[in-house]
Amino acid sequence: MTRKQKRLAIIGGGVGFLVLAAFLVMFAFSQAIAYFYVPSDLAKANLSPGTRIRLGGVVEGGSVKRGDGKTVTFTVTDTLAGVPVTYTGILPDLFREGQGVVTEGAFVQGSSVFVADTVLAKHDETYMPKDVADRLKAQGVELSGKETIK
Amino acid sequence: MIIELGHYALVLALATAVIQAALPILGARLNDRGLMELASSTAVACFLLVAFAFTVLTFAYVTSDFSVRNVWENSHSLKPLIYKISGVWGNHEGSMLLWLLILTFFSALVAAFGRNLPETLKANVLAVQGWIAMAFALFILLTSNPFARLVPAPGEGKDLNPILQDVGLAIHPPLLYLGYVGFSVCFSFAIAALIEGRIDAAWARWVRPWTLAAWTFLTAGISMGSYWAYYELGWGGWWFWDPVENASFMPWLAGTALLHSALVMEKREALKIWTVLLAIMTFSLSLLGTFLVRSGVLTSVHAFATDPTRGIFILAILVFFIGGAFALFALRASHLKAGGIFAPISREGSLVFNNLILTTAAATVLTGTLYPLVLEALTGDKISVGPPFFNMTFGLLMLPLLFAVPFGPLLAWKRGDILGVSQRLFAAVAIGLVFGTGYYYAMNGGPVLALFGIALGVYLIVGSVTDVALRSGLGKVARNVAWRRFTGLPRSAFGTALAHIGLGVTLIGIVAVTAFETETVVEMKPGMTVEAGGYTLRFDGMRNGSGPNYTEESGHFTISRGGVAVSEVWSSKRLYQARRMPTTEAGIRTFGLSQLYVSLGDQIGEGGIVVRIWWKPMILCIWGGTLFMMAGGFVSLSDRRLRVGAPARAKRPKTVPVGAAE
Amino acid sequence: MLFWILVAILTAAVAVVLILPLMRAGEAPSSPHSHDIEVYRDQLDELKRDQDSGLISSDDAELARAEVARRLLAAGESDRVVTPAVSPRRGANRLAQAFVLLCLPVVGLCLYLLTGSPGVPAQPLAARLADPNGDINVLIAKAENHLAVNPNDGAGWDLLAPIYMRNGRIEEAVDAYDRAIRLLGPTPARLGGYAEALVVQSDGLVTTKAQEALQQALALDPNDPRSEFYLALGLKQEGKKDEALTAFNRLVATSPADAPWLPLVKQHVAELTGAAAGSAAAPGNPSAEDVAAAENMSSGDRQEMIRGMVESLESRLKANPDNLEGWARLIRSHVVLDQRDKAAAALKEGLKTFPADGDGGKQLLALARELGIATDGVTQ
C-alpha cells in the first residue's frame with residue numbers, strides 16, 4: 001500500500017464507522033422512543049396494543065384505588081377524557097390526586113386499561129411536567145391559581 | 001452594607017473582566033509587554049473580587065439575612081449550617097456565581113503558574129478567559145442577580161428544596177463545575193493557538209494537565225451525582241439517561257477523547273489540529289450543558305428557575321462562543337502546522353480509534369438529547385427518548401472501544417505490532433473468560449450477555465495490569481531489574497493503568513446490577529419477612545420522629561442470614577415543614593460490594609405498608625470504578641516530568657510512515 | 001456615606017493593582033521560540049534519564065533523540081527569522097492606563113446603580129430577632145423559633161394561630177390552632193378559629209371536620225356568633241335551606257343591632273327566603289336531579305357569598321380608603337377568588353392612600369409579594 005492508500009484506508013474506516021453509527025441511531029429512533037399523549041389524543045391516535053407511549057395528565061380526584069396493596073389504579077384525565085391506569089409498585093412521593101403525572105407503559109391487547117411501568121410526578125410543589133402543562137393548556141384547561149407552571 | 005459591598009465587588013469584577021478581555025489581546029498584537037502583563041493582574045484581581053462577592057453571599061446565607069431575595073427563596077433559619085452553606089449553590093443564581101468563581105479561579109491559576117508560558121500565549125489565553133468571565137458576570141448581574149434585595153425583609157425563608165438538602169448536594173455541583181469550567185482553560189488555549197496561528201511545544205505541555213484535572217473533577221462530579229440520585233431519589237436507579245445527566249456526560253466523553261489526543265500531542269506532536277478542535281468541542285458541550293440545564297428547555301430537578309430572558313441570554317452566550325470558536329477554527333486551522341506522522345497500527349493509531357469512538361458516542365448522546373427538542377420545535381410532536389435508545393446506540397458503539405483499551409498502551413509509538421500485542425494479551429482474555437463463566441455459574445441462570453460483560457470487565461482489569469507488568473519486563477529480566485524498572489516507570493503509566501482498571505470495575509458493576517438485581521414490591525405488616533439476595537428482612541414496625549425542619553415516619557427492618565440477625569436498617573419518609581413536601585429516605589445496607597435497598601411506599605390499614613426492596617449485587621463497583629479513574633487522574637497529574645514517546649524503529653526500512661488523521 | 005467611601009477605596013485599590021504593571025512596561029518580551037527550545041531541551045534530558053534507568057532501549061532512545069533534535073533545530077531556525085521585538089509604545093501604554101482608570105469606575109458605578117440597592121443595610125436574622133422593632137415578620141419568626149424548640153408551648157401556638165390566619169398562611173394556622181386545642185384544651189375562640197381556618201383552607205366550604213369543631217364550640221358557648229354563622233353557612237351549602245334559614249334568623253335575633261356581621265347574615269337570609277320560596281313550589285321528594293342541582297347551587301352560592309363580601313368591602317374602602325387592614329383583606333380575598341388582576345388593582349388603589357415608601361405601603365407590598373402578586377410597576 002502506498003502512503004496515500006493508507007491514508008485513504010484510515011479516513012474510509014472512520015467515515016464507515018460514522019455511517020454505521022448513524023444507521024444505528026436511525027434504527028434506535030424507530031424502535032426505542034415513546035410518543036407523548038394526553039387522554040383525549042388517544043381516540044385519534046389509533047395505537048396498536050403494546051406500543052409504548054407516555055401518557056400524561058392530571059390524576060382524577062377520588063380515582064385512586066389500591067388493589068392488593070402493591071397495585072394501584074387511577075384515572076389520568078385531561079378533563080376532556082380519562083384513561084384508567086394500573087401500576088404496580090411504589091408511587092413517587094409527590095403523586096397526589098388533582099396533580100399532574102406522566103406515566104409510561106402500554107395498552108394491553110383487548111383492554112382499555114393502560115398498564116404503566118413508570119410513573120413520574122412533579123419534583124416539587126411548583127413543578128408541573130412541562131409536557132402535561134403544555135398539552136393541558138392546548139386543550140383549554142387552566143390549572144388552578146395555586147399551580148404555577150414552570 | 002456588607003451585602004451591597006459584595007454586590008459592588010461583583011460589578012467591579014465585571015469591569016476588571018472587560019479590561020482582561022480587551023487589553024492583553026491588544027498587547028499580544030502590539031508585542032507590548034505592559035499590556036500583556038495586565039492579563040495576569042486582571043485575572044488575579046477578578047478572582048479576588050468574585051471570591052469576595054461569593055463570601056458575602058455565603059455570609060448572608062449563614063446569618064439568614066432574608067433581606068437578600070436569594071437567601072429568602074432558598075434558605076430557612078432552622079436549616080443545619082452545612083445546608084445553609086450548600087444552599088448558596090443549590091439555586092440558579094448562586095450556582096452561576098459558583099461557576100464564575102471557579103472560572104476566575106482557574107484564570108488566576110494560569111496567571112500565577114504560567115511563568116514558563118510564552119508571554120503572548122499567556123496573554124491571549126487569559127484574554128479569552130476574560131471574555132468568558134465577562135459574559136457570565138453580565139449574565140449574572142442582568143438576569144440572575146443573587147444580591148437582589150427585599151424590603152421589608154420577610155421573617156422566615158422559604159427553605160431549600162428538601163431533596164437538595166443532602167451532603168451529596170454540598171459536593172456534587174462544585175466538583176461538576178470544577179470539571180465543566182476546567183475545560184474552559186483548554187478552550188482558551190485552543191482559541192489562543194488559533195489567534196496566534198501557531199502551536200508552541202509549551203502548549204501541549206499545559207493543555208494535557210488541565211484536561212486531566214478537569215476530567216478528573218468531572219468524573220468525580222458525575223459519579224457523585226449518580227450516587228446522590230441513587231440514594232436520595234428512592235427509585236433505586238443510578239443512571240436515568242436524563243437530559244441533564246447527558247448534559248454532563250457529553251463533555252465527559254469529549255473530555256476523555258481530548259485527554260487521549262492531548263497525550264499524543266504532548267509526546268509526539270501529532271494530532272495538533274484535531275486536539276484544538278476537540279478542546280473547542282469539549283467546552284462547547286459544557287456550555288451546551290449549562291444552557292440545557294439553566295434555560296428551562298428541559299424540566300428537571302436541576303432547572304431551579306426558568307425564565308425566558310435567561311434562556312435567551314445563555315443562548316446568546318452559547319452562539320457567540322461556540323459559533324465564534326468554530327468560525328475562528330475554520331479561518332485559522334490551516335495556519336497550524338500539522339505534526340508528526342504514524343502508521344495506522346500504532347499507539348497513535350489506537351488513540352485515534354479511541355477518539356473516533358468517543359466522539360461518535362458523544363454525538364449519539366447529543367442526538368438523543370436534542371432530538372425531542374428539535375422534533376417538538378419542527379412538528380409539535382412530543383416524544384421521549386429514554387434509556388432503551390441510549391442503551392442500544394451508546395452501548396453498541398462503546399463495545400469495540402472496550403475491547404481495544406488494553407491494546408493501546410501496549411502498542412509502540414509510531415508503528416506497532418498488533419499480532420505481538422494480541423499474543424501478550426492472550427492471558428488477559430483467558431482470565432476474563434474464566435471469571436465470566438465462573439460468575440455466570442455462581443449466579444446460575446443469568447443472561448448470557450452478562451457472562452460476556454463480566455468477562456469483558458475482567459479482561460480490562462487484567463489487561464491493564466498486564467500492560468504495567470510487561471513494561472517493567474516482568475518475567476523477561478531478573479526480578480530486581482524488573483522491580484527497578486517498575487518503580488522507574490513514569491507515573492502516568494500507573495495513571496493509565498488505574499483509570500483503565502476503573503473502567504473495568506465500573507463495567508462489572510453495571511453488568512452485574514443490570515443482569516442480577518432483584519426487585520420485590522410487597523405489602524408488609526409488622527413481623528412479616530421478605531427474602532432478597534440471600535438475606536431475610538423482617539419488618540418490625542413504624543416509628544415517628546422529627547429533625548430540625550422535618551417530621552418523619554421510619555420503618556425498622558432486621559436483616560438476617562441463615563436465621564442469624566446480621567444487621568438492621570431504617571427506611572423513612574420525611575415531610576419538610578416549610579415546603580410541605582414529602583421525600584423518601586431509602587434505607588441502604590452494604591454487604592461487601594452489594595447493597596440492600598429498602599424504600600417505603602404508602603401505609604395501608606393497620607401498621608401495614610408497601611415496601612420496595614432491591615438486592616443490588618456488586619453495585620458499589622460502579623462508583624468504585626470511578627474512584628479508580630479519579631485516582632488514575634491524580635497519579636497521572638502528579639507526573640510533572642516531560643515525556644517523550646520514543647518511536648519504534650521500522651522493521652522494514654522501506655515502509656514509509658504515513659501522516660494520518662491530520 | 002461610609003459605604004461610598006469603601007466603594008471608592010475598593011475601586012482605587014483595583015485600579016492601582018492594574019496600573020502598576022503598565023507603569024513598569026519594561027523591555028520587549030523574549031522570543032516565543034525560546035520557550036519551545038526550553039521544552040525540547042527538557043525532553044532530551046528526560047530521554048537520557050529513561051535510557052539510563054532501562055525503560056527504553058538505546059535503539060529507541062536514539063530514534064527519539066533524533067526526532068527531538070530535528071524539532072529543536074527547526075525552533076532555533078525560526079528564532080532567528082523572527083523579527084526583533086518592537087520597542088514598547090508609550091502611546092498605547094498611556095491609552096491603556098486611561099482605559100483602565102475610566103473603565104473601572106464607569107462600568108462599576110453604572111451597573112451598580114442599575115442593579116444595586118445602596119443604603120439597604122444587611123439584616124442578619126439574629127440581629128433582627130434581638131431587636132424586632134415592631135417588625136411583624138420577625139415577631140412571627142421569633143415565635144416560630146421558640147416553638148420549634150418548645151413545641152409543647154400551647155400559649156405560643158394560641159398566639160401565633162390568628163396571626164398566621166391574618167397573614168394568609170392558612171395551613172400553618174390550621175396546624176397552630178390544632179396544637180393549641182390539643183395542648184390547652186378547647187375554648188369557643190380556639191375551636192371557632194380552627195373551624196374558620198379549615199373553611200378558608202377548603203376555599204370557603206364548611207367541611208364535616210369544621211362542622212364538628214363548630215358544634216363543639218357551640219356546646220361550650222351556645223351564643224358564639226362566629227360558630228353559629230359558619231354552621232348556618234354549612235347548612236346552606238348542604239342545601240338544607242330551611243334549617244339554614246332558621247339558624248341565620250336566630251343569629252340575627254341574638255346579635256346586637258350594630259354587630260358588624262349583621263349585613264352579611266341578612267344578605268344570606270334574603271337569599272334563602274328567595275330560594276326557599278322557589279323550592280317550596282316543587283312538590284314531592286327531591287329527585288336525584290334536584291340534589292345535583294342543589295349541589296351545584298351550593299358551590300355557586302359559596303362563590304357568590306364570598307363575592308358579595310368582597311364587593312361590600314370594596315365599596316366601603318372606596319368611601320373610606322383610610323383603612324389599611326381593609327385593603328390587605330381585599331387583596332387577599334381577590335387572591336382567594338383567583339382574581340389576580342383585581343388583587344393587583346386593589347394593591348394599586350391601596351397604595352394611593354398608603355404610599356409605597358410609608359409603613360402602611362410597605363406592609364401592603366410585602367403582603368402582595370407573599371401572595372405572589374407582581375409588584376413591579378405598581379409603585380411608579
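In what follows, the structure referred to is the one given above.
Residues numbered from 1 in each chain as written. Chains lettered and ligands numbered in written order. Predicted model: local features only at pLDDT ≥ 70, side-chain atom pairs only at ≥ 80, totals over all residues.

A. Examining the overall build of chain C more closely. Check the secondary structure of chain C and you find 17 helices and 0 strands. Looking at chain C as a whole, 29% of its 380 residues qualify as buried. Intrachain contacts of chain C at a sequence separation of at least 6 include 53% that bridge at least 24 residues. (Helix = DSSP H or I, 4+ residues; strand = E, 2+ residues; numbered from the N terminus. Buried ≥ 20, exposed ≤ 12 C-beta atoms within 10 Å, placed from the backbone. Contact = placed C-beta atoms within 7 Å.)

B. Up close: the sheet that holds strand β7 (residues 581–585) of chain B. Residues and elements named next belong to chain B. Taken in spatial order, the 5 strands of this open sheet run β3-β4-β5-β6-β7, and their pairing is antiparallel. Across the chains shown, the open sheet's two edge strands, defined by having one partner strand only, are β3 (529–532) and β7. Direction aside, neighbouring strands of the sheet carry axes that sit 30 degrees apart on average. (Pairing = 2+ DSSP bridges. Axes fitted to C-alpha atoms, helices over the stretch in contact; angles between N-to-C directions.)

C. Structural view of the environment of F320(B). Residue and element names in this part refer to chain B. Structurally, F320 is set in helix α11 (residues 308–332). Accessibility expressed as a C-beta count within 10 Å gives 13 for F320, which makes it partly exposed. Put simply, F320 and G463 are 143 residues apart on the chain and 44 Å apart in space, counted from C-alpha to C-alpha.

D. Representation of helix α11 (residues 225–237) of chain C within the structure. Residue and element names in this part refer to chain C. The end-to-end C-alpha distance of α11, which contains 13 residues, comes to 18 Å, matching closely the 18 Å that a straight helix rising 1.5 Å per residue would cover. Three or more residues of α11 are buried, namely S227, E228, F229, Y230, L231, A232, L233, G234, L235, K236 and Q237. Just beyond α11, the residue with positive phi is G239, at close to 90 degrees. (Expected span 1.5 Å × (residues − 1).)

E. A look at the interface of chain C and chain B. With 71 residues of chain C in contact, the opposing surface of chain B contributes 64 residues. Secondary structure elements with two or more residues in the side of chain C that touches chain B: α1 (2–23), α2 (33–52), α3 (58–81), α4 (90–115), α5 (125–130), α6 (136–149) and α17 (359–371) of chain C. Class assignment of the residues belonging to the side of chain C that touches chain B gives a composition of 46 nonpolar, 14 polar and 11 charged. (Nonpolar A, V, L, I, M, F, W, Y, C, P; charged D, E, K, R; others polar.)

F. Inspection of the sheet that holds strand β10 (residues 608–616) of chain B at higher detail. All names here are of chain B. Across the sheet, which stays open at both edges, the 4 strands sit in the order β2-β10-β9-β8 with antiparallel pairing between neighbours. Looking at which strands have only one partner, the edges of the open sheet turn out to be β2 (518–524) and β8 (587–591). Averaged over all pairs of adjacent strands, the angle between their axes in this sheet comes to 20 degrees, without regard to strand direction. The pairing of β2 with β10 spans 7 bridges and is antiparallel. By the bridge assignment, E519 is partnered in β10 with W614.

G. Here's a closer look at the packing of helix α7 (residues 154–166) of chain C against helix α8 (residues 170–184) of chain C. Residues and elements named next belong to chain C. It is the contact of α7 with α8, at a shortest axis distance of 8 Å, that shows an interaxial angle of 155 degrees. It follows from the interaxial angle that α7 and α8 lie roughly antiparallel. For the crossing formed where α7 meets α8, the hand is left-handed. Residue-level inspection shows G154, W157, D158, L160, A161, Y164 and M165 of α7 in contact with α8, the latter providing E172, A173, A176, Y177, R179, A180, L183 and L184. Of the residues that constitute the contact of α7 with α8, the class distribution is 11 nonpolar, 1 polar and 3 charged. (Parallel < 35°, antiparallel > 145°, perpendicular 65-115°, else oblique. Left-handed = near helix turned anticlockwise from the far one by under 90°.)

H. Geometry of the environment of A343(B). If you trace the backbone, A343(B) turns up in the loop between α11 and α12 (347–379). Using a count of 21 C-beta atoms within 10 Å as the deciding quantity, one classes A343(B) as buried.

I. Structural view of the nonpolar core. Residues and elements named next belong to chain B. With 240 residues, the main nonpolar core has A13, L14, L100, A137, C186, F189 and A279 as its most contacted residues. Among the elements that make up this core, the one with the highest residue count is helix α1 (residues 2–30) (17 residues). Setting aside residues up to four positions removed in sequence, L100 forms contacts with V50, A133, F136, A137 and I140. (Core = buried A, V, L, I, M, F, W, Y, C linked by C-beta atoms within 7 Å.)

J. Focus on the pairing of strand β2 (residues 53–59) of chain A. Residue and element names in this part refer to chain A. Counting buried positions along β2 yields 7 of 7 residues, so the element is predominantly enclosed. In the sheet, strand β1 (residues 33–37) pairs with β2 via 3 bridges, with the strands oriented parallel. When the sheet's bridge partners are listed, Y35 is paired in β2 with I53. Bridge analysis of β2 against strand β6 (residues 100–107) gives 6 bridges, and the strand direction is antiparallel. Bridge pairing in β6 places G57 opposite V101. Where β2 lies against strand β4 (residues 71–77), 2 bridges are found, and the strand directions are antiparallel. Residue pairing in the sheet places V59 in a bridge with V76 of β4.

Any functional reading would require information that these geometric values do not contain.
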